[in-house]
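A structural walkthrough
Residue-level listing of the chains:
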Amino acid sequence: MRSELANRIEAVLFVAEKPVSRSELARIGGATPRQLDVALAELGGGYEGTGLRLQHDGDEWQIVTTPEAAPYVAAYLGADRLRVSPASLETLAVIAYRQPVLRTDVERVRGVACGEMIRALMERDLVRMAGRAEEPGSPLLYGTTSRFLGEFGLRSLKDLPTARDLPPPPGTRVAGTAAAS
Amino acid sequence: MREDREEAPLIGARLPRVSVEGFEGPLDLLLELVEDRQLDILSVRLGDLAGEYLARVRAIGVLPADEAASFLWLASRLVLLKARSLLPSLEPLSPEDEAVSEEELRARLIEYAAVRQRAALLGERIRSGERAFHREGGTVELPPRGGDTDALAAAWSRVLAIAARARREEAEVPAERYSVEQRTREIEEIVAREGSVSFVTLLGADPSLSFAVVTFISLLDLYRRAMIDLEQDELFADIRITKKQAPAAKGAGAAGTERKGSVGAQRAGE
């Protein structure tokens with residue numbers, strides 16, 4: 001039997017149309033953060049072998065369909081497959097793996113101006129502002145959205161595909177900490 | 001070589017980009033050179049690629065100005081590296097010059113290669129249709145509780161109510177004409193004079209649709225320009241419009257408005 005708390009948060013996440021934060025789930029479910037984590041793990045585990053699963057963007061949780069079910073859901077919704085130009089995909093890749101990241105960093109890595117492209121990615125809700133850097137001028141930092149995770153079928157940022165056969169990028173600003181919290 | 005074209009809008013498709021040979025930028029072009037010739041990215045002498053790089057850039061034809069700059073920047077680096085390898089006695093001229101050593105450029109190239117690979121991995125996920133869906137749309141968004149945005153939401157619903165009523169009348173009465181600019185000035189004057197005024201007062205007894213809409217838009221504009229503060233005790237209640245306080249006194253409300261030209265707030269509409 002699943003715990004009562006897992007059932008409660010499942011019900012809330014089921015009707016929610018946007019990700020629900022961990023703290024809100026804890027408050028609604030009347031649980032401590034620790035109890036909530038247990039319940040989320042229980043809930044996620046219970047979806048193994050079903051058409052649903054839990055996805056989280058940092059602390060924001062959501063019930064989504066599995067990638068295996070995607071073709072059928074897409075057929076039902078008449079959904080278009082996301083189409084991203086190779087250049088935008090590169091920009092998105094830098095942001096996804098390096099977030100939170102400055103526009104100037106994205107441009108340094110790609111060697112070309114990326115402002116317009118970042119704006120287009122924000123319009124499509126794949127990229128969001130993720131605060132400001134503590135630097136002169138407080139430039140904006142960019143990160144990915146929950147929609148990004150959904151479009152690429154990632155359970156969380158930890159799920160980002162890894163390329164192992166390349167040396168780690170030199171001069172990385174925030175290597176390794178991108179996926180946390 | 002690059003992927004199939006379908007119907008859905010392509011993110012980034014409208015943006016100016018160099019795509020004659022499918023290059024996404026100077027680093028992309030340089031990397032292509034390395035890979036085409038199956039060179040080891042870790043040991044290739046980048047200066048040796050200067051000639052071929054320039055030939056490829058020349059072949060591209062028309063480049064947008066900003067793109068051209070970045071292509072030429074890299075070209076100049078490559079030529080510099082080439083020159084240094086031919087004339088080992090050539091010393092760096094400045095610290096800035098030093099920063100574009102072969103190692104620096106190689107590091108960038110390696111970093112870029114990683115990004116391109118990651119982009120390819122992400123692209124692969126799109127192509128394989130590995131995607132998650134979530135519930136979207138359907139639930140009614142309830143107006144938020146408390147705060148200035150409520151005032152706006154409630155006021156808007158009030159305007160809509162008036163609009164529904166006014167629609168019947170407008171068939172007969174020739175529409176008056178109001179401009180937002182004019183109405184904004186009027187409200188500004190009223191608020192400056194009275195210190196504070198209620199939304200109901202501003203609307204008058206039986207406003208026409210266009211008058212109500214123009215008044216509302218004017219308020220939004222004033223609020224946006226931080227000329228006024230909006231206050232509301234509860235949802236759908238009347239809204240109090242006050243002249244924007246000095247930042248220190250923010251949220252103090254309408255009471256004690258003491259500034260030149262307005263002595264004591266007259267409480268209109270209460």
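The present account deals with the structure reproduced in this document. Treat the numbers as computed from the prediction; the structure is a model and nothing was measured. (Residues numbered from 1 in each chain as written. Chains lettered and ligands numbered in written order. Predicted model: local features only at pLDDT ≥ 70, side-chain atom pairs only at ≥ 80, totals over all residues. Heavy atoms only, no water.)

Quick word on the packing of helix α5 (residues 86-98) of chain A against helix α6 (residues 103-110) of chain A
Residues and elements named next belong to chain A.
- Two elements in contact, α5 and α6, have axes whose closest approach is 10 Å; the angle formed by their N-to-C orientations is 125°. One finds that α5 runs oblique with respect to α6. Our pair here, α5 against α6, has a crossing hand that is right-handed. Listed contacts from α6 to Ala87, Glu90, Thr91, Val94, Ile95 and Arg98 of α5 are Val106, Arg108, Val109 and Arg110.
- Here the contact of α5 with α6 is composed, by residue class, of 5 nonpolar, 1 polar and 4 charged. (Axes fitted to C-alpha atoms, helices over the stretch in contact; angles between N-to-C directions. Helix = DSSP H or I, 4+ residues; strand = E, 2+ residues; numbered from the N terminus. Parallel < 35°, antiparallel > 145°, perpendicular 65-115°, else oblique. Left-handed = near helix turned anticlockwise from the far one by under 90°. Contact = heavy atoms within 4.5 Å. Nonpolar A, V, L, I, M, F, W, Y, C, P; charged D, E, K, R; others polar.)

With respect to the environment of Asp28(B)
All names here are of chain B.
- With respect to the element layout, Asp28 can be found in helix α1 (residues 26-36).
- Taking the C-alpha atoms as reference, Asp28 lies 8.4 Å from Arg116; in sequence the two are 88 residues apart.
- Reaching out from Asp28, the side chain makes a polar contact with the side chain of Arg116 at a distance of 2.4 Å. (Polar contact = N/O pair within 3.5 Å; in protein donor to acceptor, adjacent residues only side chain to side chain.)

Let's talk about the sheet that holds strand β7 (residues 140-144) of chain A
Residues and elements named next belong to chain A.
- On the basis of which strands lie adjacent, the open sheet formed by 3 strands has the order β5-β7-β6 and antiparallel pairing. Pairing within the sheet leaves two strands with one partner each, and these edge strands are β5 (101-102) and β6 (127-132).
- Strand contacts of α5: β5, β6 and β7, with the helix running at about 95° to β7, the strand carrying the most contacts.
- Along the sheet face, helix α7 (residues 115-123) touches β6 and β7 and points at about 110° away from the line of β6. (Pairing = 2+ DSSP bridges.)

Details of the sheet that holds strand β2 (residues 196-198) of chain B
Residue and element names in this part refer to chain B.
- Strand order in this open sheet of 3 strands is β2-β4-β3, and the pairing throughout is antiparallel. In this open sheet, the two strands that pair with only one neighbour each are β2 and β3 (228-232). If you compare each strand with its neighbour and ignore which way they point, the axes differ by 25° on average.
- Two elements, β2 and strand β4 (residues 239-243), share 3 bridges in a ladder whose sense is antiparallel. Residue pairing across strands places Val197 opposite Ile241, the latter belonging to β4.

Overview of the packing of aromatic side chains
- Within the structure shown, the criterion is met by 2 aromatic pairs over all chains.
- Aromatic pair Phe148(A) and Phe152(A): ring centres 4.9 Å apart, planes at 40°, arrangement tilted. Residues Phe148(A) and Phe152(A) agree in their burial class; the two are buried.
- Over the face of the ring belonging to Phe14(A) we find Arg135(B), whose NZ or CZ atom lies 5.2 Å from the ring centre. (Phe/Tyr/Trp six-rings, centres within 6.5 Å; stacked < 30°, edge-to-face > 60°. Buried < 20%, exposed > 50% of the residue type's maximum accessible area, 1.4 Å probe, protein only. Lys NZ or Arg CZ within 6 Å of the ring centre and 35° of its normal.)

Describing the packing of helix α1 (residues 4-15) of chain A against helix α2 (residues 22-29) of chain A
Residues and elements named next belong to chain A.
- Across the interface, α1 lies against α2 with an axial gap of 10 Å and an inter-helix angle of 120°. By the angle between their axes, α1 is oblique relative to α2. α1 and α2 meet at a crossing whose hand is right-handed. Mapping the contact onto sequence places Leu5, Arg8, Ile9, Val12 and Leu13 in α1 and Leu25, Ile28 and Gly29 in α2.
- When the residues that make up the contact of α1 with α2 are grouped by side-chain class, the tally is 6 nonpolar, 1 polar and 1 charged.

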